[in-house]
Each structure stands twice: as structure tokens, then as C-alpha cells.
Amino acid sequence: MTFEHYPELDALLLANPGAVRDYKAEWGWDRYMVGGKMFAALLTTADDCAPEYQNHPMLTVKVAPEEGDFLRQQYPDILPGYYMNKQHWISVRLDGAVPQQEIARLCKSGYALIFAKLTKKAQKEILGK
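Residues numbered from 1 in each chain as written. Predicted model: local features only at pLDDT ≥ 70, side-chain atom pairs only at ≥ 80, totals over all residues. Heavy atoms only, no water.

J.: Tell me about helix α3 (residues 100-117), residues and numbers included.
T.: An α-helical turn contains 3.6 residues, so any two residues separated by three or four positions project in the same direction. Here α3 spans 27 Å end to end across 18 residues, near enough to the 26 Å set by a 1.5 Å rise per residue. Buried within α3 are the following residues: Glu102, Ile103, Leu106, Cys107, Ser109, Gly110, Tyr111, Ile114 and Phe115. (Helix = DSSP H or I, 4+ residues; strand = E, 2+ residues; numbered from the N terminus. Expected span 1.5 Å × (residues − 1). Buried < 20%, exposed > 50% of the residue type's maximum accessible area, 1.4 Å probe, protein only.)

Written out as C-alpha cells, the structure is:
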């Protein structure tokens, strides 16, 4: 399980209201979800995938399409989402050179995108209102 190697990142992702982690055995992913919808995942890619992804620990996170394009231009270690919709997800090589504060911002942003799409009722329940 990848989250065990990144305890600070795991804690940051789980600090969001209503966030839970589960393990998707078929994928080998630690998924972070709110309201039953995934906003991020920690994973290590296999050696049989595209070379730019091979054997890297990754954070895959939800983004707005225009932000994903911008970030991929800014950082060589940010790639289109591994095994995800390439417009709405990015994958960050955690062994690369993306600043920690940018990774933290992406975690909060991915959560906010998913939380905003939940029903108002679900949002209130999560926030305890």
C-alpha cells in the first residue's frame, strides 16, 4: 500500500471533511473519497505501463481541465492522469521535482472539485450541519 510510504500526504488527504481512504485491490490503489466519489489516489505504477509512468510512486488527483494542461506545461513530473480521464485527472510523480506546497494545493483543490459536485444534502451531512 502506497499511503504507508507517504504518511504526511495521507494525513493531508484525510484531513478534508468526510474524506476516507480505501484500497482498490484490483488496481493496487489507495483511493481517497468523499461522498463515495474519488478525488485522489496514491499508487505505484507497474513496469508494463507507458515509460513515463513506469515504476513511479504517483499521486493521481482530480483537476479542472484547463489547470491540468497548465500544470503539465509547468512541471515535467506532472502527467495526464494514469488510467484515468486525461482531461480531468493528473498524475504527479512523487519521486520527481514538484514542490510539496504545490502537491498540497492539488490535494485540497481535487477534494474541493468533488465536494462541490455532491448534493447540498450530502455536503451538509459531511459538514455536520
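Here the narrative resumes.
J.: Any details on the pattern of salt bridges? Residues and values, ideally.
T.: Pairs can form between side chains of opposite charge whenever their charged atoms are close. Inspection of every chain in the model, using the stated rule, returns seven salt bridges. The residue Glu67 makes a salt bridge to Arg105 at a minimum N-O spacing of 2.5 Å. Taken together, the residues span a long stretch of sequence, with Glu67 in helix α2 (residues 65-74) and Arg105 in helix α3 at a distance of 38 residues. A relative accessible area of 17% means that Glu67 is categorised as buried. (Salt bridge = Lys/Arg side-chain N within 4 Å of Asp/Glu carboxyl O.)

J.: Explain the sheet that holds strand β2 (residues 29-34) residue by residue, including any values.
T.: Ordered in space as β1-β2-β3-β4-β6-β5, the six strands form an open sheet in which the pairing is antiparallel. Each edge of the sheet is formed by a strand with only one pairing partner; in this case those strands are β1 (20-24) and β5 (78-80). Along the sheet, successive strands turn relative to each other by an average axial angle of 25°, direction set aside. Seen against the sheet, helix α1 (residues 7-14) touches β1, β2, β3 (37-44) and β4 (57-62) and runs at an angle of roughly 175° to β3. (Pairing = 2+ DSSP bridges. Axes fitted to C-alpha atoms, helices over the stretch in contact; angles between N-to-C directions. Contact = heavy atoms within 4.5 Å.)

J.: Give me the lowdown on the packing of aromatic side chains, citing residues and values where you can.
T.: All told, the structure shown has five aromatic pairs when counted by the stated rule. Summarising the aromatic geometry, the rings of Trp27 and Tyr83 are spaced 6.1 Å apart at their centres and angled 70° between planes, so their arrangement reads as edge-to-face. One end of the pair, Trp27, is in the loop between β1 and β2; the other, Tyr83, is in the loop between β5 and β6 (89-93), with 56 residues separating them in the sequence. Taking relative accessible area as the criterion, Trp27 reaches 35% and is therefore assigned partly exposed. Above the plane of the ring of Trp27 lies Lys24, whose end atom (NZ or CZ) is 5.2 Å from the centre. Above the plane of the ring of Trp27 lies Arg31, whose end atom (NZ or CZ) is 6.0 Å from the centre. (Phe/Tyr/Trp six-rings, centres within 6.5 Å; stacked < 30°, edge-to-face > 60°. Lys NZ or Arg CZ within 6 Å of the ring centre and 35° of its normal.)

J.: Give me the lowdown on the nonpolar core, citing residues and values where you can.
T.: In terms of nonpolar packing, the biggest core is built from 25 residues, with Leu13, Phe39 and Leu59 touching the most fellow members. For this core, the secondary-structure elements that each account for two or more residues are α1, β2, β3, β4, β6 and α3. With six residues, the single largest contributor to this core is α3. If sequence neighbours within four positions are ignored, Leu59 has contacts with Leu13, Ala40, Ala41, Leu42, Ile90, Ser91, Val92, Leu94, Ile103 and Cys107. Counting residues in each nonpolar core, the second largest holds twelve residues, with Met33, Met38, Leu43 and Met58 among its members. (Core = buried A, V, L, I, M, F, W, Y, C linked by side-chain atoms within 4.5 Å.)

J.: So what about the environment of Phe70? Which residues, and what values?
T.: Assignment of secondary structure puts Phe70 in helix α2. Using a relative accessible area of 48% as the deciding quantity, one classes Phe70 as partly exposed.

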